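Geometric and topological summary
Chain by chain, the residues:
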Amino acid sequence: MGIFGFFSKDKKESLDQGLQKSSENIFTKLSKAVVGKSKVDDEVLDELEEILITSDVGVDTTIKVIRRIEERVARDKYVNAAELDMILKEEIENLLKENNSQNEGDFDLPEGKKPYVIMVVGVNGVGKTTTIGKLANLFKAAGKSVVLGAADTFRAAAVDQLILWGNRVGVPVISHGMNTDPASVAFDAVKQGVNTNADVVIIDTAGRLHTKVNLMNELGKIKRVMQKFIPDAPHEILLVLDGSTGQNAFIQAKEFTKVTEITSLAITKLDGTAKGGVVIGISDQFKIPVKYIGVGEKMTDLQIFNRKEFVDSLFTKKK
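Residues numbered from 1 in each chain as written. Predicted model: local features only at pLDDT ≥ 70, side-chain atom pairs only at ≥ 80, totals over all residues. Heavy atoms only, no water.

Topic: the side chain of Asp-152
- Mapping Asp-152 onto the fold places it in the loop between β2 (146–151) and α7 (156–169).
- The contacts of Asp-152, once residues within four sequence positions are left out, are Asn-124, Lys-128, Ala-158, Val-159, Asp-204, Thr-205 and Ala-206. (Helix = DSSP H or I, 4+ residues; strand = E, 2+ residues; numbered from the N terminus. Contact = heavy atoms within 4.5 Å.)

Comments concerning the sheet that holds strand β6 (residues 264–268)
- With respect to topology, eight strands assemble into an open sheet ordered β3-β2-β4-β1-β5-β6-β7-β8, the strand pairing being mixed. Lying at the two open borders of the sheet, with one neighbouring strand each, are β3 (173–174) and β8 (302–304).
- Sheet analysis places strand β7 (residues 290–294) next to β8, joined by three bridges and oriented antiparallel. Across the sheet, the residue bridging to Tyr-292 is Ile-304, located in β8.
- Lying over the sheet, α7 contacts β2, β3 and β4 (200–205), oriented at roughly 165 degrees with respect to β2.
- Along the sheet, helix α9 (residues 212–226) makes contact with β1 (116–121), β4 and β5 (236–242), crossing β1 at roughly 170 degrees. (Pairing = 2+ DSSP bridges. Axes fitted to C-alpha atoms, helices over the stretch in contact; angles between N-to-C directions.)

Details of the layout of surface pockets
- What the second largest pocket holds in volume is close to 190 Å³.
- Taken together, 13 residues make up the lining of the second largest pocket; nearest its centre are Thr-130, Lys-134, Thr-268, Lys-269 and Gly-296.
- Among the elements that make up the lining of the second largest pocket, the one with the highest residue count is helix α6 (residues 128–141) (three residues).
- Residues of the lining of the second largest pocket, tallied by class, amount to two nonpolar, seven polar and four charged. (1 Å grid on protein atoms, 1.4 Å probe; cavity = no way out; pocket = protein on both sides within 12 Å on 5 of 7 lines; lining within 4 Å. Points joined across faces, edges and corners; volume = space filled by probe spheres on them. Nonpolar A, V, L, I, M, F, W, Y, C, P; charged D, E, K, R; others polar.)

Description of helix α11 (residues 278–286)
- By the criterion of burial, α11 is predominantly enclosed, with seven of the nine residues buried.
- By the burial criterion, the buried members of α11 are Val-278, Val-279, Ile-280, Gly-281, Ile-282, Ser-283 and Asp-284.
- Among the residues trailing α11, Lys-287 stands out with phi positive, at a value near 55 degrees. (Buried < 20%, exposed > 50% of the residue type's maximum accessible area, 1.4 Å probe, protein only.)

A word on helix α3 (residues 42–54)
- For α3, with 13 residues, the first-to-last C-alpha span of 18 Å sits near the 18 Å given by 1.5 Å per residue.
- Among the residues of α3, those classed as buried are Val-44, Leu-45, Leu-48, Ile-51 and Leu-52. Down the axis of α3, the buried set is contained in an arc of 115 degrees. They therefore lie on one face. Of the residues in α3, the exposed ones pointing more than 90 degrees away from the buried face are Asp-42, Asp-46 and Glu-50.
- On its buried face, α3 is in contact with α2 (20–34), α4 (59–76), α5 (84–98) and α12 (307–315). (Expected span 1.5 Å × (residues − 1). Arc of directions from axis to C-beta.)

Some remarks on unusual backbone geometry
- Pro-115 follows Lys-114 through a cis peptide bond whose omega is -5 degrees.
- One can find Pro-115 in the loop between α5 and β1.
- A cis amide bond links Ala-233 with the next residue in sequence, Pro-234, at an omega value of -10 degrees.
- Tracing the sequence through the fold places Pro-234 in the loop between α9 and β5.
- Positive phi, close to 60 degrees, is recorded for Asn-197, a residue that is not glycine.
- Here Asn-197 is to be found in the loop between α8 (182–195) and β4.
- Of note in the backbone geometry, Lys-287 takes a positive phi value of approximately 55 degrees without being a glycine.
- Position of Lys-287 among the secondary structure elements: in the loop between α11 and β7.
- Take Lys-287: its relative accessible area is 47%, and that puts it in the partly exposed class.

Section: a negative patch on the surface
- Where like charges cluster on the molecular surface, the negative patch consists of Asp-42, Asp-46, Glu-47, Glu-50, Glu-70 and Glu-71.
- Counting only elements with at least two residues in the negative patch, the list comes to α3 and α4.
- For the negative patch, the leading source of residues is α3, giving four residues.
- Within the secondary structure, Asp-46 sits in helix α3. (Patch = residues over 30% accessible without salt bridge, like charges linked within 9 Å, V, L, I, M, F, W, Y side chains within 5 Å. Areas by Shrake-Rupley, 256 points an atom, 1.4 Å probe, with all protein chains shown as cover. Salt bridge = Lys/Arg side-chain N within 4 Å of Asp/Glu carboxyl O. Lys, Arg positive; Asp, Glu negative; His and termini not counted. Charge placed at Lys NZ, Arg CZ, Asp CG, Glu CD.)

Describing the nonpolar core
- Counting residues in each nonpolar core, the largest one holds 100 residues, and the members touching the most others are Ile-202 and Phe-310.
- Ile-202 has contacts with Ile-118, Val-120, Ile-132, Leu-135, Ala-136, Phe-139, Val-146, Val-147, Leu-148 and Gly-149, leaving out every residue within four places of it along the chain. (Core = buried A, V, L, I, M, F, W, Y, C linked by side-chain atoms within 4.5 Å.)

Brief notes about the pattern of salt bridges
- On inspection of all chains with the given rule, the structure shows 18 salt bridges.
- One salt bridge connects Asp-204 with Lys-128, and the closest N-O pair in it is separated by 2.7 Å. One end of the pair, Asp-204, is in strand β4; the other, Lys-128, is in helix α6, and 76 residues separate them in sequence. Accessibility classification places Asp-204 together with Lys-128 in one group, the buried group.
- When salt bridges with common partners are traced through the structure, they connect Lys-12, Asp-16, Lys-89 and Asp-312 into a single cluster.

Okay, structure coming up:
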């Protein structure tokens, strides 16, 4: 069993509740598409294509899913409309599996990576700092020691907010205040992590996509100073996206992958949208694993992404 354990009943209930709007949106439309139909035909598939696109799965990923279902319908000769839910879930889960998105909360920190350094990126307003606070809480609850670095120094609110989260969770926050050198903050955070034998160091960074060159230079500098202490730092670059923004989240992912190498995704605010399909599309289009999803306001509502449970919550009709 890894540091986060199995997928509990409480987590599943939170996931069901967080994805309720998205699930209802899909099944209201899907029910209309199959009413009076005894089998899955071209008309049903056309309707399903529209449902997935309007749920922000994305055009390219939707076409891929529809093709897979068409192949199964052709192979099995006869697929009734009642089986469509099951086939849809199976094909989307397979797609997420191909993109290496997590299936279980069973992953230990890699051997020889101590402290494990996570650099977090994302534009302002996506819930980046809140995600870091909740992530620190998850690690601490698992018995890990955590150091936070407030390197988003261009917004006073970001620095203050991270300090508040540090106090709330009970982990140290390295901060030099606003308008200070972000790389210097990262350097001191990693230094403290090494000196105190911490398990994890999480670095918050500024998200100013409108100045891409500056952002690229800044992230490069942050990496270089951290590598003075840990040659292969950061071990993970986590991009935080706001799931409620739909297609705008795709654009942000595209822009950030241009300026730095993103290795994992956290998709937040899924409880406030009917477009939870964005998780599927982003994972598929960018081939970057979704590692965390945010399904509510509570501290525990940041969950490790479990593709099986996610697909079940999104594509299972609630009673």
